[in-house]
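Each chain, written out:
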Amino acid sequence: MQVKYDYVFPFAAIIGQEKVKKALLLNLINPKIGGVLLSGEKGTAKSTLVRGMAALSEGTKVINLPLNITEDRLVGTIDIEKTLTEGRRNFEPGILKEAHENILYVDEVNLLSEHLVNCLLEVASSGVNKVEREGISFAHPSRFILVGTMNPEEGYLRSQFLDRFGLFAEVSGCEDLFERKEIVRRRLDYEKSPLDFIEKWRWESDVLSQQIKDAKQYLSRVQVSDNVMKLAAEIAKEANCAGHRAELVIVETAKAIAAYEKRSNIAIGHIKEA
């Protein structure tokens, strides 16, 4: 019997895209940031980055949300007939159940139907998925890191949905000729022997994975001072941000940056980077 292996191109082996990588890593450290939206043309390693991100956090999976998914497959459904005959709620879970404490990945998120967007918004906001059918209801926790990718040439994202992503990062191709050549070389090496290539980058991957693990544990030690809150609020106000989500995201991101650097206090540089 032939065994099929699900190999993932190492996150550490991806050239460039440093801001994009940092945004993804920070969400692994602190999911309260609220996810990240990656915007850029095709062929810029967006999907590769997301799959590689999950491999750095033990037990974390990437749950793909297909564009043609039905509402029942997304939120789950209650089998009314079985519920009535068996006398107990019979719930068939959907993708939002599977996504709990994992990464929910929506490729071409700007092409997702408006109805499904509304379903996703509600769960992403509350952290709870509620299903109601014929007066019978069922609820389960659904907290996930929401990662979306999009090509702006194929349409824009509704502002209501855009607001659900904590961070936004533009992904672009490398301009440096050496880097472009190295991208080709690494990809060819990987295609030739995925396992050997993964082993070649094992040390760098393990170091990165341990840094994330340490930062997660260090996160609770990070203190948020009054000055930090004031600076975040000032930045959000100057940018004319509606509501107060912006300053909360800035603070949560700055906390993750400080934890990544094993610093218990947030510096001005952390706020500016966030």
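Summary of the structure given here. (Residues numbered from 1 in each chain as written. Predicted model: local features only at pLDDT ≥ 70, side-chain atom pairs only at ≥ 80, totals over all residues. Heavy atoms only, no water.)

**Points about the packing of helix H1 (residues 18-29) against helix H12 (residues 245-260)**
Phase 1 of the analysis: Closest axis-to-axis distance for the H1/H12 pair is 9 Å, and the angle between their directions is 90°. With respect to each other, H1 and H12 are oriented roughly perpendicular. Where H1 abuts H12, its residues Lys22, Leu25, Leu26 and Ile29 lie against Thr253, Ala256, Ile257, Ala259 and Tyr260. (Axes fitted to C-alpha atoms, helices over the stretch in contact; angles between N-to-C directions. Helix = DSSP H or I, 4+ residues; strand = E, 2+ residues; numbered from the N terminus. Parallel < 35°, antiparallel > 145°, perpendicular 65-115°, else oblique. Contact = heavy atoms within 4.5 Å.)

**Observations regarding the pattern of salt bridges**
Opposite charge on two side chains lets them pair, provided their charged atoms get close.
Phase 1 of the analysis: Under the counting rule described, the total for this entry stands at ten salt bridges.
Phase 2 of the analysis: Between Glu18 and Lys21 there is a salt bridge, with the nearest N and O atoms lying 3.7 Å from each other. Taken together, the residues span about one helical turn, with Glu18 and Lys21 both in helix H1 at a distance of three residues.
Phase 3 of the analysis: Residue Lys262 pairs with Asp214 through a salt bridge whose shortest N-O separation is 3.6 Å. Separated by 48 residues along the polypeptide, Lys262 in the loop between H12 and helix H13 (268-273) and Asp214 in helix H10 (residues 202-218) bring together distant segments of the chain. (Salt bridge = Lys/Arg side-chain N within 4 Å of Asp/Glu carboxyl O.)

**Quick word on the nonpolar core**
Phase 1 of the analysis: Ranked by size, the top nonpolar core spans 48 residues in total, and within it Phe11, Leu24, Leu28, Met53, Ile103 and Val147 carry the most contacts.
Phase 2 of the analysis: Ranked by residue count, the leading element in this core is H12, at eight residues.
Phase 3 of the analysis: In this structure Ile103 touches Leu28, Val50, Met53, Ala54, Thr60, Lys61, Val62, Ile63, Ile145 and Val147, once residues within four positions along its chain are discounted.
Phase 4 of the analysis: The next biggest cluster of nonpolar side chains, apart from the first, holds 27 residues, and it includes Leu74, Phe91, Val109 and Leu146. (Core = buried A, V, L, I, M, F, W, Y, C linked by side-chain atoms within 4.5 Å. Buried < 20%, exposed > 50% of the residue type's maximum accessible area, 1.4 Å probe, protein only.)

**Considerations on helix H2 (residues 46-55)**
Phase 1 of the analysis: For H2, a buried count of seven out of ten residues is recorded, marking the element as mostly surrounded by other parts of the structure.
Phase 2 of the analysis: For H2, the full list of buried residues reads Lys46, Thr48, Leu49, Val50, Gly52, Met53 and Ala54.

**Things to note about the sheet that holds strand S2 (residues 62-64)**
Phase 1 of the analysis: Ordered in space as S2-S5-S8-S1-S9, the five strands form an open sheet in which the pairing is parallel. Taken across any chain shown, the strands that pair with only one partner, and hence form the sheet edges, are S2 and strand S9 (167-171). Here the average twist between neighbouring strands, direction ignored, is 20°.
Phase 2 of the analysis: Pairing between strand S5 (residues 103-107) and strand S8 (residues 145-150): five bridges, direction parallel. Looking across to S8, one finds that Val106 is bridged to Gly148.
Phase 3 of the analysis: Across the sheet, H1 touches strand S1 (36-40), S5, S8 and S9, and the angle it forms with S9 is around 150°. (Pairing = 2+ DSSP bridges.)

**Looking at the packing of aromatic side chains**
Phase 1 of the analysis: Tallied over the full model, the rule gives four aromatic pairs.
Phase 2 of the analysis: Between Phe9 and Tyr190 the ring centres are 5.1 Å apart and the planes differ by 70°, which places this aromatic pair in the edge-to-face class. In this pair, Phe9 sits in the segment before H1 while Tyr190 sits in helix H8 (residues 177-192), placing the two residues 181 residues apart along the sequence.
Phase 3 of the analysis: Judged by relative accessible area, Phe9 falls into the buried class, the value being 9%.
Phase 4 of the analysis: Given the relative accessible area of 8%, Tyr190 is considered buried.
Phase 5 of the analysis: Taken together, a centroid distance of 5.9 Å and an interplanar angle of 80° make the contact between Tyr190 and Phe197 edge-to-face. The same class applies to Tyr190 as to Phe197, namely buried.
Phase 6 of the analysis: Ring-pair connections join several aromatic residues into one group, and the members of that group are Phe9, Tyr190, Phe197 and Trp201. (Phe/Tyr/Trp six-rings, centres within 6.5 Å; stacked < 30°, edge-to-face > 60°.)

**Describing the pairing of S8**
Phase 1 of the analysis: Within S8, six of the six residues are buried, leaving the element largely enclosed by the surrounding structure.
Phase 2 of the analysis: As judged from the four bridges shared by S1 and S8, these two strands associate in the parallel manner. If you follow Leu37 over to S8, its bridge partner there is Gly148.

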